[in-house]
Every structure is written in structure tokens, then in C-alpha cells.
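Okay, here's what each chain looks like letter by letter:
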Amino acid sequence: MTGDDVTRDEVTLTQLGLRARDVKDAGGSDGGGRDPVITGLSIDSRTVRPGHLFAALPGSAVHGGEFIQYALRMQAAAILTDRKGAAIAADALAGWDGALVVAEDPRAALAGAASLWFRDQPDHVVAVTGTSGKTSVASFARQIWQALGHKAISLGTMGVEGDHHAKLAHTTPDPLTLHRVLAEAVAAGVTHAALEASSHGLDQRRLDGVRMQAGAFTNFSQDHLDYHAGFDEYFAAKALLFNRVLDDGASAIINIDSARGRQMADIAKDRGLALTTVGRGEDAMLRILGQRYDATGQDLRFSIMGQAHLVRLPLIGGFQAENVLAAMGLCLASGDAAGDILRVLPHVTTVRGRMQLTAQRENGATVFVDYAHKPGAVTAALQSLRPHVMGRIVCVIGAGGDRDRGKRPLMGQAARENADVVIITDDNPRTEDPALIRAAVIEGAGPEASEVPDRAEAILRGVDALQPGDALLICGKGHETGQIVGQDVYPFDDGEQASVAVAALDGRI
Ligand SMILES: CC(=O)N[C@H]1[C@@H](OP(=O)(O)OP(=O)(O)OC[C@H]2O[C@@H](n3ccc(=O)[nH]c3=O)[C@H](O)[C@@H]2O)O[C@H](CO)[C@@H](O)[C@@H]1O[C@H](C)C(=O)N[C@@H](C)C(=O)N[C@H](CCC(=O)O)C(=O)O
Ligand SMILES: Nc1ncnc2c1ncn2[C@@H]1O[C@H](COP(=O)(O)OP(=O)(O)OP(=O)(O)O)[C@@H](O)[C@H]1O
Ligand SMILES: N[C@H](CCC[C@H](N)C(=O)O)C(=O)O
Ligand SMILES: [Mg+2]
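Residues numbered from 1 in each chain as written. Chains lettered and ligands numbered in written order. Predicted model: local features only at pLDDT ≥ 70, side-chain atom pairs only at ≥ 80, totals over all residues.

Secondary structure summary: the chain contains 16 helices and 22 strands in total. Here the C-alpha radius of gyration of the chain, 24 Å, is about what a compact globule of 509 residues would show, namely 23 Å. The principal-axis extents of the C-alpha atoms in the chain amount to approximately 75 × 55 × 40 Å. Among the 509 residues that make up the chain, the fraction classed as buried is 55%. Counting contacts in the chain only where the partners sit at least 6 residues apart, residues at least 24 apart contribute 69% of the total. (Helix = DSSP H or I, 4+ residues; strand = E, 2+ residues; numbered from the N terminus. Rg over C-alpha atoms; globule rule 2.2 N^0.38 Å. Buried ≥ 20, exposed ≤ 12 C-beta atoms within 10 Å, placed from the backbone. Contact = placed C-beta atoms within 7 Å.)

Another aspect to go through is the sheet that holds strand 1 (residues 40-42). Ordered in space as 1-2-3-4, the four strands form an open sheet in which the pairing is parallel. If you trace the sheet from one side to the other, it starts and ends with strand 1 and strand 4 (99-102), each paired once. Across the sheet, the mean angle separating the axes of adjacent strands is 15° when strand polarity is ignored. Looking at chain direction, strand 2 (residues 52-55) and strand 3 (residues 78-81) are connected through three bridges and run parallel. The residue of strand 3 that forms the bridge with A55 is L80. Packed on one face of the sheet, helix 4 (residues 106-118) meets strand 1, strand 2, strand 3 and strand 4 and runs near 135° to strand 3. (Pairing = 2+ DSSP bridges. Axes fitted to C-alpha atoms, helices over the stretch in contact; angles between N-to-C directions.)

What follows covers the site of ligand 1. By nearness alone, 20 residues border ligand 1, and G59, S60, A61, H170 and S198 come closest of all. Grouping the constituent residues of the shell around ligand 1 by class yields six nonpolar, 11 polar and three charged. (Near = placed C-beta within 6 Å. Nonpolar A, V, L, I, M, F, W, Y, C, P; charged D, E, K, R; others polar.)

To continue, consider unusual backbone geometry. Located in the positive-phi region is M305, a residue other than glycine, with phi close to 45°. Inspection of the secondary structure puts M305 in the loop between strand 13 (297-304) and strand 14 (307-313). What makes M305 exposed here is the crowd of 9 C-beta atoms within 10 Å. Not every positive phi belongs to a glycine, and N428 is a case in point at roughly 50°. Structurally, the position occupied by N428 is in the loop between strand 18 (421-424) and helix 14 (434-445). Overall, N428 belongs to the buried group, with 24 C-beta atoms counted inside 10 Å.

Under the UniProt annotation, "domain: Mur ligase N-terminal catalytic" (unreviewed entry) lies at residues 38-91. End C-alpha to end C-alpha, residues 38-91 measures 23 Å, and it is 26% helix and 20% strand. (UniProt positions renumbered as here; feature names shortened; annotations may be inferred.)

Between helix 5 (residues 134-147) and helix 10 (residues 319-333), whose axes approach to 8 Å, the crossing angle comes to 55°. When the axis of helix 5 is compared with that of helix 10, the two are oblique. As for the relative orientation of helix 5 and helix 10, their crossing is right-handed in sense. Here S136, V137, F140, A141, I144 and W145 of helix 5 come into contact with helix 10, specifically with Q320, N323, V324, A326, A327, L330 and C331. (Parallel < 35°, antiparallel > 145°, perpendicular 65-115°, else oblique. Left-handed = near helix turned anticlockwise from the far one by under 90°.)

Of all hydrophobic cores here, the largest spans 158 residues; its most connected members are A78, A141, L330, C395 and L473. Among the elements that line this core, the one with the most residues is helix 10, at 11 residues. The residues touching L330, leaving out its near neighbours within four places in the chain, are V126, A141, A194, A214, A216 and I253. (Core = buried A, V, L, I, M, F, W, Y, C linked by C-beta atoms within 7 Å.)

Bringing helix 14 into the picture now. With 12 residues, helix 14 should reach 16 Å at 1.5 Å per residue; the first-to-last C-alpha distance of 16 Å fits that figure. Of the positions making up helix 14, those classed as buried are I437, R438, A440, V441, G444 and A445. All buried residues of helix 14 fall inside an arc of 155° around its axis, so they share one side. In helix 14, the exposed positions angled more than 90 degrees off the buried face are occupied by A435 and L436. In the core, the buried residues of helix 14 are packed alongside strand 17 (393-397), helix 13 (407-418), strand 18 and strand 19 (450-451). G446, located one to two residues past helix 14, shows a positive phi value of around 85°. (Expected span 1.5 Å × (residues − 1). Arc of directions from axis to C-beta.)

Laid out in C-alpha cells, this is it:
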């Protein structure tokens, strides 16, 4: 979370786009006009070093202004905050001779400063938002670019993947981490980057300051209502990509199959962005004309501006076609030709933990691991698996602790309505009582669902239930490798557990 590992010669506050103001009215000494050399950027007081700019941001738990006193003790050269932060730290700032920047929106100011500090960004950057499909679209865009010979990364829930690698704690990292990673990628030769834009990230301006050529919108359903005040606020956060973050003249690739998609298309149009629509309807520019499913993937018939094409995709789930076309739209917007993209499209592979075939029983029944952890995604995952499966669908599902509580019964309901057998289990209970989370999911899943608290046993039971032609969908953890209980993380991998269960039941161990 710091920027002090990059050496900059004599970068001053003004060169980071910031101006110290006369702070008398904020209760401190007169710092007006000061322009110190900055040695690094910090958003956490615990990482401040002498000469740093410390950004004291309004938080959800506490205002960063509370920590200004510690940053001053560490000899910060400048403080960036808002009026409230300056007021909170008035006593500590009194008599301090550094530079205080009081900004209307310190997060926006920080994002701008981070982009100037780290400087380098790949030539072609695109972003994708939406409730589901962000990781998949970002990965598909990166795969297409790499297949075309570009050096490319995708950046999001899975960390940084492609021609540069890094671990990330967030889907959309804070601006210091984001700009550092982008600069490191450029140093590694990367020219193309596809970013996931989470609603938290957009709301907190984590992406402001990134120069982008295009943005995509996948879909909209319930999630994160613990953070956003309601559906409209959640949608408004996603819309920020199109009405604020994207550069003028950028392209918008919007899935218009829902009312919210059409609303987003209007927002992009009003902003003057170059609009490409994706969907199944007649007016979609990248249009799905038909899909034929089998056990290992699908044939997709689609059109680009009215011209029909057929492609074989080794991907499970009808919605993957929407994701692939959104990725194609992003690659077109970043300058690649349709003919070139069409040539490499059949090589796109599924993203780890997204409708991923991970095990198969001797009787032919299949086991898929998926990351559906919100009602819309559970419905989409189960419904889209159906045409690939001749027999029954068994679903193992739970909901995460310390997250949106309202989604739990809805996830249970989605499982009941779209699977034949439902097993409720734990998924990262975190600090909550797992039995209460399960009870909330069962409220929607109904009395016929069985409750198996231990996730490994739930998977074993799900695999055991599989008859020839059946499929098991294990929802919620996707690529995750741990079960979070309290503050502890226990190693746990759904795919691994499924393979062990299959081997045990088919007598191979
Ligand atoms: C709700 C939320 O998004 N919180 C993020 C936010 O923290 P906050 O503003 O709530 O922080 P706070 O604890 O109130 O502290 C306020 C300020 O004081 C600073 N501080 C705090 C303690 C201290 O000793 N010194 C200090 O300076 C903090 O750095 C912060 O700037 O800013 C922090 C720094 O960037 C983030 O780490 C933190 O992410 C938390 C941990 C988080 O869990 N976020 C999740 C919900 C999130 O962002 N998820 C999205 C979406 C995921 C998805 O859809 O898949 C994501 O993009 O990952
Ligand atoms: N286009 C789509 N429409 C509906 N559901 C989808 C779509 N794409 C993916 N999903 C479902 O959502 C799950 C998560 O997909 P993905 O990781 O690509 O989305 P995401 O938006 O990055 O999610 P997160 O916010 O959790 O990181 C998948 O495992 C699948 O069940
Ligand atoms: N980025 C999402 C992932 C949730 C995955 C699921 N396994 C859970 O723990 O709820 C979140 O933190 O809300
Ligand atoms: Mg994601």
C-alpha cells in the first residue's frame, strides 16, 4: 500500500497534482504554498516513512484523520485529507510545518497522485464491470490478446495473470497497489491490460487516474447490499465506469439483454462513448444467434454487425458466450481486427473455478466447480449447466459470513428452483455462526434440502449421489484455496475434494 519502493527524483507535491492550502481555517498552522519533495505515498499510517504523502481517507469503520498524528510522528512531509480529517487532527496539525492538502474528494486526489507517481500504464487498458462475469471477461480478453501475440495481463479477483504475475487482496486494488502493478507490468513489457472494476472500487475511486480505451458491462443482479444502500446505489456505482472513469472518446461494450443493460447503454450514449451492444436481440451489434450444447462445450453462432460466424467454444454455460462476446468487443475497441480475433477465439479456455469440469466418475457423471456466490449467478450457473447434462443436477451450496445477509435465502431458493438435489454446507463463515448462515440459506432452499455442515463431507455426499448422466455443481468457492473460519484460513479446495471423493467412491484409493 505504499509507493516508496519506486525511486523518484525530486517529485514535489505540485508535480503530483496537489496543492497545499492555507490551513488556518482547518485549525493548523499556515501551510499555504508549501511544496515539499515527496519520497513515497501511503494510505495506511503504519506504512508511512519520512518524506511520505499520507492520504487520510474517510473509511467505513474509522476516518483516516484519526491516524494523522502517527503519520506526523513518522515525519510525513504532506497530508492529504478532507475537511473532516483536518478537523479530527487539528491538535496534531497545530504548529506542524508540513504541507496539508484538504481536498473535497481526497480519494480522487489520491488516485490522480498515484497515476503521476507511478507514471507508466500499458498502452491499451480496458475495464469490465457487472455483478457477474467480470473475472471471466477480463480473462478472455487477456487470452485473446496473448493469442494474438500481445503481451497482456488480466487483473482482478484472481490477482494479476498473464505476462506478469502478482497477488492481490482485492478485486479492484487501492490506487497505490493498482498503479504500482500497472507500472511493474509495463516494465515487464506488457502492452495490454484488462481490469475488473468492482462496485467498491468504482465507488471508492480506486480506478480513477487509469487511462482506459474501453469499458464493458456484463449484467446486474443482487450483491453487496451490505455496502451499497440499495439496488439503485449499487447500479449507480457500476455506472461510474461509464459516466466518470472512462476517458472521453472511449468505447463502451454493453450487454443489453436486460432493462438495466439498456439503462447502462443510455448512460454511455449520453456520455458520448462509442457504443457496442452485446445480446441476443435483433439490435445487438455483437449478437448471439444460436448455441448448441454438449458435454464438453458449445457451438456458438453469432454475428458481428450483421455478418454471421460459427465458433466452437470449450466452455460450459450459455452465459459464457455473452462473456466471450464482451471480451471480443473490448479487444476490437483496443485496436485488434475482427478477423484476427475470430481466428484465435476457439482457443479461449475456461477460467479456474468458473464452470470448470474438475472430476468425472466411472459412470460418466461429471463434477463442476463454480464461483456462483450470489442469487443471480447461482440461477445462471444451474440453468446454463442444464442443457449440457442428460441426467439430474446435484448442487452443493453455502453462503459466506460477514457479507450481504439478504442474499442467503435467495441463493437457497435459486438452488431449489434450478437443481434436482440440494445440499447446504458452509462457505467461509468468517466471524458468524455457521449454523445461522445455513439456516438462512435453507429458508430459501426448503425442507427437502439436506444440511451437511462439513464441506468435504457435503462434496462426498454430492459425488455419491451421482448416477450415470448426472452432474454435480459445487457453488461458491471457485478458485479459492481456503475455508475462512473466524480469523483462520484452513486449506480447502473444492476441485481437490471432488477428485478425492470420486477416487474414494470409485475404489481408486
Ligand atoms: C468496505 C471497503 O471497501 N473497505 C476498504 C476501505 O477500507 P475502509 O475505508 O473501510 O478502512 P477503515 O478501516 O475504515 O480505515 C479508514 C482509513 O484509515 C486507514 N488506517 C487504518 C488503520 C491504521 O492504523 N492506520 C490507517 O491509516 C486505512 O488505510 C483507511 O484508509 O479501504 C481499504 C484500503 O483501500 C480497503 O482495504 C478496505 O477493503 C476492505 C478490507 C474490504 O474487505 N473490501 C471488500 C469488501 C472489497 O473492496 N471488495 C471489492 C469487491 C469484491 C467482489 O465483488 O468480488 C473488491 O474490489 O475486492
Ligand atoms: N455473464 C454471466 N451471467 C451470469 N452469470 C455469470 C456470468 N458470468 C459468470 N457468471 C457466474 O458468476 C460466477 C462468477 O463469475 P466471474 O468470476 O467471472 O464473475 P465476477 O463478476 O468476477 O465475480 P466476483 O465479483 O465474485 O469476482 C461464475 O462462476 C458463474 O456462476
Ligand atoms: N469477493 C467476494 C467473494 C465471495 C466468495 C464466497 N466464497 C464467500 O466467501 O462469500 C466477497 O468477498 O464477497
Ligand atoms: Mg471477479
